[in-house]
Protein chains: 4
Amino acid sequence: MFFASDNSGPVHPQVLRALTEANTGYAMGYGADTQMDNLRQQLREVFEAPDAAVYLVGTGTAANALALATLTQPYQTIFCSAHAHIHEDECNAPEFYSGGAKLTLVPGGDKMAVQALRSSILGEETRGVHGPQRGPVAISQVTERGLVYSLEELRALCGVAAEYDLPVHLDGARFANALVSLGCSPAEMSWKAGVDVVSFGGTKNGCMGVEAVIFFDPKHAWEFELRRKRGAHLFSKNRYLAAQMLGYLQDGLWLETARKANENCAYLAEGLRQAGAEFQHSPDANMIFAALPRACHQRALAAGACYHLWDGELEGPQDEQVTARFVCDWAIGRDQIDQFLMLL
Amino acid sequence: MFFASDNSGPVHPQVLRALTEANTGYAMGYGADTQMDNLRQQLREVFEAPDAAVYLVGTGTAANALALATLTQPYQTIFCSAHAHIHEDECNAPEFYSGGAKLTLVPGGDKMAVQALRSSILGEETRGVHGPQRGPVAISQVTERGLVYSLEELRALCGVAAEYDLPVHLDGARFANALVSLGCSPAEMSWKAGVDVVSFGGTKNGCMGVEAVIFFDPKHAWEFELRRKRGAHLFSKNRYLAAQMLGYLQDGLWLETARKANENCAYLAEGLRQAGAEFQHSPDANMIFAALPRACHQRALAAGACYHLWDGELEGPQDEQVTARFVCDWAIGRDQIDQFLMLL
Amino acid sequence: MFFASDNSGPVHPQVLRALTEANTGYAMGYGADTQMDNLRQQLREVFEAPDAAVYLVGTGTAANALALATLTQPYQTIFCSAHAHIHEDECNAPEFYSGGAKLTLVPGGDKMAVQALRSSILGEETRGVHGPQRGPVAISQVTERGLVYSLEELRALCGVAAEYDLPVHLDGARFANALVSLGCSPAEMSWKAGVDVVSFGGTKNGCMGVEAVIFFDPKHAWEFELRRKRGAHLFSKNRYLAAQMLGYLQDGLWLETARKANENCAYLAEGLRQAGAEFQHSPDANMIFAALPRACHQRALAAGACYHLWDGELEGPQDEQVTARFVCDWAIGRDQIDQFLMLL
Amino acid sequence: MFFASDNSGPVHPQVLRALTEANTGYAMGYGADTQMDNLRQQLREVFEAPDAAVYLVGTGTAANALALATLTQPYQTIFCSAHAHIHEDECNAPEFYSGGAKLTLVPGGDKMAVQALRSSILGEETRGVHGPQRGPVAISQVTERGLVYSLEELRALCGVAAEYDLPVHLDGARFANALVSLGCSPAEMSWKAGVDVVSFGGTKNGCMGVEAVIFFDPKHAWEFELRRKRGAHLFSKNRYLAAQMLGYLQDGLWLETARKANENCAYLAEGLRQAGAEFQHSPDANMIFAALPRACHQRALAAGACYHLWDGELEGPQDEQVTARFVCDWAIGRDQIDQFLMLL
């Protein structure tokens, strides 16, 4: 009954097998391995982007911070949602990697709205040299609250960025979950919509610890490599990162695990709804926020269910509604979900 | 015939097995897993340091840069050998992580000598507020040129640091290779000698990508955790880092692989000596620098041997001596070495 | 008719005279001059703080950024008003000097309210190592919108900071204007209220370019000196900074110029009120924001008045209200104000 | 008898007069003043560089650090003499402003030699992404040990930089002293020789605290302005910086004071020579290093002479030679020099 995060489950057997199979003989280090060549080619095909520069790192924060640092000058500001992972959950990594840039929090909730983004952009650079300059727009897809931008929404946000000649970064830690939710192609959800750089997640969806950074225009490629090395994120045994992601892509595993995670979440949501839960949003991908009476949480958590309360304490009036976050990964079994729902 | 580096061979089967065995069920992320608890305990025992703070990261540069940043103020300078990895091979990572500290290169070659270190320390802080202030002393064991400091040498260097109240960091990317070379205990080669923080390498000696950072005095522990997260080096699925290192420690594997690597190198060195090679230093661990006539290199490299020429080009007069670097890992077979020696 | 800023008028003759008188013979550089000794002593007396560490820099941004950097770790966040100078008008200087810390904007307007500050503090450090840690509270007195915190308000804000063991910085670019507005002592408006470090402005109130940074607890003194030098804000001819501020303090000039500036502003405000202007706030010090019909602005600016429109363009419907910012310094003559009011 | 530095004497009366004359009425802040327009034009004429971007800051370290930061990426290294001010006397300001770049110390003494510079450049970028990348070449004219590069030497160094497509910065804290020593034009000693950016000093040669940064190619102009603001080096009352430098340029004062300083130094050197002093170098500008018996130093310093011993202590064997640094400014009187020489 583990709904605490999608980074806590096991590695998918196919990924582990790929790792094991990669474990023969010697390979040149630091990304000069043949697995990496193979992966680069595959990701270019997946994204229909034959010129894209493709790099691997070990954590999502590294992917985001390095990608953004490559797009951002230290005297600029990055536009993002107030709930963005880069703001709330990276302990100032974007500020660190960019050399001290600022984050401008676009008001209005988890998803950035076109008008709010435009206002935020207009609100900067009103003071000449005195204020920060406009920098990249950073979008999370899936968002931190589990929402998925439609292609229209994505295109509109990127359109605003383009109006002001600002680059766009997409934090795709849950790229696959959003993709299967929208049922579109990776290209449609990235460069065709106006995205310049993607953090393409693997860790939350079946890998052990690997994220790709994909620059559709390779002009920043060498700078990124230098920033990655300087940030200590260049792995000597890069082949084991590449192997993970090759296993992840093989036979569409990545889409299959994402679909499973989303379905698990929909199943859970339906059960919660029947149990009387109230939702902040309808579940778009594999994460929901649902309010239940405190007594339910107490019962479930005491019985070993694992998830985070979001806006309240475990102790308090029994019938007070307390919101919790539930994340499903591909591995959680229906029996686990059923068992949990029974507890409620 | 792969002597290019010890980061290019396969992962040891025992380490891979540990990874596979760790791959069941759910585990709390970000270091709150039970494997990590287990590993922390084991490393404390290995180092006879019950209070030590123990952390894992994915690369050696991360271990070094984060450890040093925790010890260094941005207006200080770090004392190290001119050949130190932190100077030559980390693309300014120490400068980045420390917020702009300087590196003072102690003159005199690969190993720092006590007198040269003292002179370098005395040479700083002669200008009050105008120059950088004295910061940590950074020692590499094994050094970048394959040498091993004796315990006496280590103690003497740490003694100089202590005279000036400077902390000491030990870059132990090849900690095990040095340890078996000296035949001493981990404690003797670290805190008993005066070392404050160790980067304890796994990647070059059988792991996939994991290094431990060990603070013998835990006072900086929380700061290190924040710096690690901010540097994007906190792995959500930390259990797979912990599992690697547990497999690495199990039944003394780490000492066995190091011993094998050193023996392979001694065997290679002996063969090279008989083939007329000249050495810069006698081989202390698993890396040697040997000069051979260019014709030998041409023959060997053409036949598929893999290693780096160090001070010359492949093309040139046939009988000119050209120095090359040869690194042996635990996995290289005697037959491979013999085959290589035959080529010379 | 210059109301654009209080940093655009002339240097007070008494300050210039002090500069001229300081211009004899040789003086040790970098703050080791006797004027500095004299000034340090005077400022300690002014603030009733015999142990205070006192430093000079050339700009207000330098004073703020260096003071805050000394109080802030790079993985922390600084709590300030959304209108704070450090946020809006320093082009990321606090982020730069702190090595990449964040600013948390306390919601609710120009002045921070106790409850909003507490909520903001409580909102951080809810995510352990993942989010930024709580750092200093930064208060502006006079605020960027011309308001003055009462002593009660100051004490209450500092009290909240103290609850969470956070240091407090006071941006006193207009310290004197606030002081004469409150009619209290410098000590009451700083350390007695709970402030740890003050940026004590001179430039906006009669000096040429000098600000003092005053640490009431000197424990950070040497670190500040190193950060100041590293930031390139240590003047070799420091005596000319000290001389300015000595002239500024002499015979209470600083209070007299501040009083004059405030009185000029009150006079202007009264005139504007009679002319039908609407105010965002009653004028507390030497800066007001007043709305007038666009036609008035067009007439005044065309006639040579100099000030900034705040929320609108010069062109548009004639009778639409447009807010402008008016700042008075000590030097502006009543005749200038009268001439301006006549235009309206 | 003040020979400790050229930053300790009085401001030249003509500069002070310019300051006083500038002190009327209101002027737009932050460099939008008419004095700045005037100065910009004058410096462009002085340098025969009609397109040059010209900025003012308050300290030499600010000029150097901001200029270099604009030319340097954080993953690069700056080539400079081991005695360069940016290395020895700026407490890591270049590392700070560049975001963590490195300094590569060109071996061989105070002046960089062409061959040594080329070797240093060739020594970097031998390790691909692992080591720092080649960045700007930083030349000091006058050097830190008082030497002046000939135009041939300057051109040759810039030629090496150009071979590798590296920009060149000239630290001209004593630009005027070098210029009158060489008897050439400012253009010849800068862009005609291949220099891209100059720190043009005023403070050491008669000003109060002002240095110009001159970019001959204005492509980096806006970036520099942002970096200057972010570094807190944009003065609100910029007119007083401009006025200083206008007074400094007026009627060739800057050349006259530099000539006087150099002549004073030559006079002192001749006297020292007759007194038996030994010189490291013949005096090129206004600074010499001369060895005298310790007894001489004891006598002179006891009698109130002010200068720095360079390689020894005041106490020790009476007849041991101890080197001291002597700097002459424009203001030191011949009588002072004579009085000092009498003491020896």
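Quick caveat: nothing in here was measured; it's all calculated off a predicted structure.

Quick look at the overall build of chain A
Next up, step 1: What chain A contains, in helices and strands, is 13 helices and eleven strands.
Next up, step 2: Relative to the 2.2 N^0.38 estimate, which gives 20 Å for 344 residues, the radius of gyration of chain A is 20 Å and therefore close to what a compact globule would have.
Next up, step 3: When its C-alpha atoms are laid out on the principal axes, chain A stretches across 60 × 55 × 30 Å.
Next up, step 4: Looking at chain A as a whole, 65% of its 344 residues qualify as buried.
Next up, step 5: Total accessible area computed for chain A in this model is approximately 11,000 Å², and 49% of it derives from carbon and sulfur atoms.

Re the pairing of strand β4 (residues 133-140) of chain C
All names here are of chain C.
Next up, step 1: Burial within β4 is extensive, with eight of its eight residues counted as buried.
Next up, step 2: As paired elements, strand β2 (residues 76-81) and β4 share three bridges and run parallel to each other. The residue of β4 that forms the bridge with Thr-77 is Arg-134.
Next up, step 3: Looking at chain direction, β4 and strand β5 (residues 168-172) are connected through four bridges and run parallel. Across the sheet, Ile-139 pairs through a bridge with Leu-170, a residue of β5.
Next up, step 4: In this view, the connection linking β4 to its parallel neighbour β5 by way of helix α7 (residues 151-163) has right-handed handedness.

Details of the relation of the copies chain C and chain D
Next up, step 1: By a simple turn and slide, chain C fits onto chain D: the slide is 0.0 Å along the axis, the RMSD is 0.0 Å, and the turn is 180°. Such a combination of rotation and displacement between the chain copies is what one expects of a two-fold axis.
Next up, step 2: Taken as a fraction of all interface residues of chain C, those also at the interface in chain D reach 100%, which identifies the copy contact as same-surface.

As for the nonpolar core
Next up, step 1: Formed by 125 residues in total, the largest nonpolar core has its most connected members in A:Phe200 and B:Phe200.
Next up, step 2: The contacts of B:Phe200, once residues within four sequence positions are left out, are B:Leu43, B:Phe47, B:Gly172, B:Phe175, B:Glu211, B:Ala212, B:Ile214, B:Met245, B:Tyr248, B:Leu249 and B:Trp254.
Next up, step 3: Judged by nonpolar contacts, the second largest core, of 124 residues, contains C:Leu151, C:Leu170, C:Tyr240 and D:Ala212.

Section: unusual backbone geometry
Next up, step 1: Geometrically, the link from A:Gln141 to A:Val142 is a cis peptide bond, its omega value of -10° lying close to zero.
Next up, step 2: Of note, A:Val142 is situated in the loop between β4 (133-140) and α7 (151-163).
Next up, step 3: The backbone of B:Tyr30 shows a phi angle near 60°, a positive value even though the residue is not glycine.
Next up, step 4: Looking at where B:Tyr30 falls in the secondary structure, it is placed in the loop between α1 (13-22) and α2 (34-46).
Next up, step 5: Phi at B:Glu48 takes a positive value of approximately 50°, unusual for a residue other than glycine.

Regarding the domain arrangement of chain A
Residues and elements named next belong to chain A.
Next up, step 1: Splitting chain A by domain gives domain 1 (13-252) and domain 2 (254-343).
Next up, step 2: Between the C-alpha centres of domain 1 and domain 2 the distance comes to 28 Å.
Next up, step 3: Across the contact, 23 residues belong to domain 1 and 18 residues belong to domain 2.
Next up, step 4: For the domain 1 and domain 2 pair, buried surface summed over both sides reaches about 1,800 Å², with 59% attributable to carbon and sulfur atoms.
Next up, step 5: The largest contributions to the domain 1 side of the interface with domain 2 come from Arg-145, Val-180 and Gly-252, which together make up 29% of the buried area.
Next up, step 6: Remark: the boundary between domain 1 and domain 2 carries zero salt bridges.
Next up, step 7: Joining domain 1 to domain 2, the criterion identifies ten residue pairs in polar contact (both at pLDDT 80 or more).

As for the side chain of D:Asp171
All names here are of chain D.
Next up, step 1: Positionally, Asp-171 belongs in strand β5 (residues 168-172).
Next up, step 2: The buried charged residue Asp-171 lacks any salt bridge, with Arg-174 as its nearest oppositely charged partner at 7.8 Å.
Next up, step 3: In terms of polar contacts, Asp-171 uses its side chain to reach the backbone amide nitrogen of Ala-173, at 3.1 Å.
Next up, step 4: Asp-171 has contacts with Asn-64, His-85, Ile-139, Ser-140, Gln-141 and Ser-199, leaving out every residue within four places of it along the chain.

As for the relation of the copies chain B and chain A
Next up, step 1: Each copy of the sequence occupies a distinct position, and chain B is placed on chain A by a rotation of 180° and an axial shift of 0.0 Å, giving an RMSD of 0.0 Å.
Next up, step 2: Here 100% of the interface residues in chain B have copies in chain A that are interface residues too; the copies meet face to matching face.

Some points on the packing of helix α8 (residues 175-182) of chain C against helix α11 (residues 253-274) of chain C
Residues and elements named next belong to chain C.
Next up, step 1: Two elements in contact, α8 and α11, have axes whose closest approach is 8 Å; the angle formed by their N-to-C orientations is 75°. The pairing of α8 with α11 is recorded here as roughly perpendicular in orientation. Where α8 abuts α11, its residues Phe-175, Ala-176, Asn-177, Leu-179, Val-180 and Ser-181 lie against Trp-254, Leu-255, Ala-258, Arg-259, Ala-261 and Asn-262.
Next up, step 2: A class-by-class count of the residues in the contact of α8 with α11 yields eight nonpolar, three polar and one charged.

Digging into the interface of chain B and chain A
Next up, step 1: At the junction of the two partners, chain B supplies 47 residues and chain A supplies 47 residues.
Next up, step 2: Roughly 4,200 Å² of surface becomes buried between chain B and chain A when both sides are summed, with 62% attributable to carbon and sulfur atoms.
Next up, step 3: Of all residues in chain B, B:Tyr26, B:Phe96 and B:Lys237 bury the most surface against chain A, accounting for 20% of the area lost on that side.
Next up, step 4: For the pair chain B and chain A, the number of links is zero salt bridges.
Next up, step 5: Inspection of the region where chain B meets chain A yields 30 residue pairs in polar contact (both at pLDDT 80 or more).

Quick word on the pattern of salt bridges
All names here are of chain B.
Next up, step 1: A complete count under the given rule lists 56 salt bridges over all chains for this structure.
Next up, step 2: When the shortest N-O distance is used, the salt bridge between Glu-153 and Lys-111 registers 2.9 Å. Taken together, the positions of Glu-153 in helix α7 (residues 151-163) and Lys-111 in the loop between β3 (102-106) and α6 (114-123) put the pair 42 residues apart, joining distant regions of the chain.
Next up, step 3: Arg-227 serves as the salt-bridge partner of Glu-223, at 2.8 Å between the closest nitrogen and oxygen. Placement of the pair is Glu-223 and Arg-227 together in helix α9 (residues 221-230), with a separation of four residues, close to one helical turn. By the burial criterion, Glu-223 is buried, and Arg-227 matches it.

Focus: the packing of aromatic side chains
Next up, step 1: Scanning all chains against the criterion turns up 74 aromatic pairs over all chains.
Next up, step 2: A ring pair is formed by A:Tyr97 and B:Phe96, whose centres lie 5.2 Å apart and whose planes are at 70°; its orientation type is edge-to-face. One end of the pair, A:Tyr97, is in helix α5 (residues 93-97); the other, B:Phe96, is in helix α5 (residues 93-97), on a second chain.
Next up, step 3: What makes B:Phe96 buried here is its relative accessible area of 5%.
Next up, step 4: The interplanar angle of 50° and the centroid separation of 5.8 Å between the aromatic rings of C:Phe47 and C:Phe216 together place this pair among those described as tilted. Highlighted residues: C:Phe47 in the loop between α2 (34-46) and β1 (53-57) and C:Phe216 in the loop between β7 (211-215) and α9 (221-230), separated in sequence by 169 residues.
Next up, step 5: Feature note: the residues A:Phe47, A:Phe175, A:Phe200, A:Phe216, A:Tyr248 and A:Trp254 constitute an aromatic cluster, connected by ring pairs.

Side note on the interface of chain C and chain D
By a frequent convention, interface size equals the accessible area lost on bringing the separate parts together.
Next up, step 1: Contacts between the two partners involve 47 residues from chain C, matched on the other side by 47 residues from chain D.
Next up, step 2: Ranking the residues of chain C by area buried against chain D places C:Tyr26, C:Phe96 and C:Lys237 at the top, with a combined share of 20%.
Next up, step 3: Linking chain C with chain D are zero salt bridges, by the criterion used here.
Next up, step 4: Taken together, the residues of the side of chain C that touches chain D sort by class into 24 nonpolar, 16 polar and seven charged.

Some details on the packing of α1(B) against helix α10 (residues 239-249) of chain B
Residues and elements named next belong to chain B.
Next up, step 1: Packing of α1 against α10 brings their axes to within 8 Å, and their N-to-C directions diverge by 140°. For the element pair α1 / α10, the angle class is oblique. Every pair of crossing elements has a handedness; the one defined by α1 and α10 is right-handed. Contact with α1, carried on its side by Gln-14, Val-15, Ala-18, Leu-19 and Ala-22, involves Arg-239, Tyr-240, Ala-243, Gln-244, Gly-247 and Tyr-248 of α10 and no other residues of that element.
Next up, step 2: Grouping the constituent residues of the contact of α1 with α10 by class yields seven nonpolar, three polar and one charged.

What counts, and where the lines are drawn
Residues numbered from 1 in each chain as written. Chains lettered and ligands numbered in written order. Predicted model: local features only at pLDDT ≥ 70, side-chain atom pairs only at ≥ 80, totals over all residues. Heavy atoms only, no water. Helix = DSSP H or I, 4+ residues; strand = E, 2+ residues; numbered from the N terminus. Rg over C-alpha atoms; globule rule 2.2 N^0.38 Å. Buried < 20%, exposed > 50% of the residue type's maximum accessible area, 1.4 Å probe, protein only. Areas by Shrake-Rupley, 256 points an atom, 1.4 Å probe, with all protein chains shown as cover. Pairing = 2+ DSSP bridges. Right-handed = clockwise from strand over helix to strand, strands pointing away. Least-squares fit on C-alpha atoms with pLDDT ≥ 70 in both. Contact = heavy atoms within 4.5 Å. Core = buried A, V, L, I, M, F, W, Y, C linked by side-chain atoms within 4.5 Å. Domains from an automatic or database assignment. Buried area = accessible area lost by both parts, 1.4 Å probe. Salt bridge = Lys/Arg side-chain N within 4 Å of Asp/Glu carboxyl O. Polar contact = N/O pair within 3.5 Å; in protein donor to acceptor, adjacent residues only side chain to side chain. Lys, Arg positive; Asp, Glu negative; His and termini not counted. Axes fitted to C-alpha atoms, helices over the stretch in contact; angles between N-to-C directions. Parallel < 35°, antiparallel > 145°, perpendicular 65-115°, else oblique. Nonpolar A, V, L, I, M, F, W, Y, C, P; charged D, E, K, R; others polar. Phe/Tyr/Trp six-rings, centres within 6.5 Å; stacked < 30°, edge-to-face > 60°. Left-handed = near helix turned anticlockwise from the far one by under 90°.

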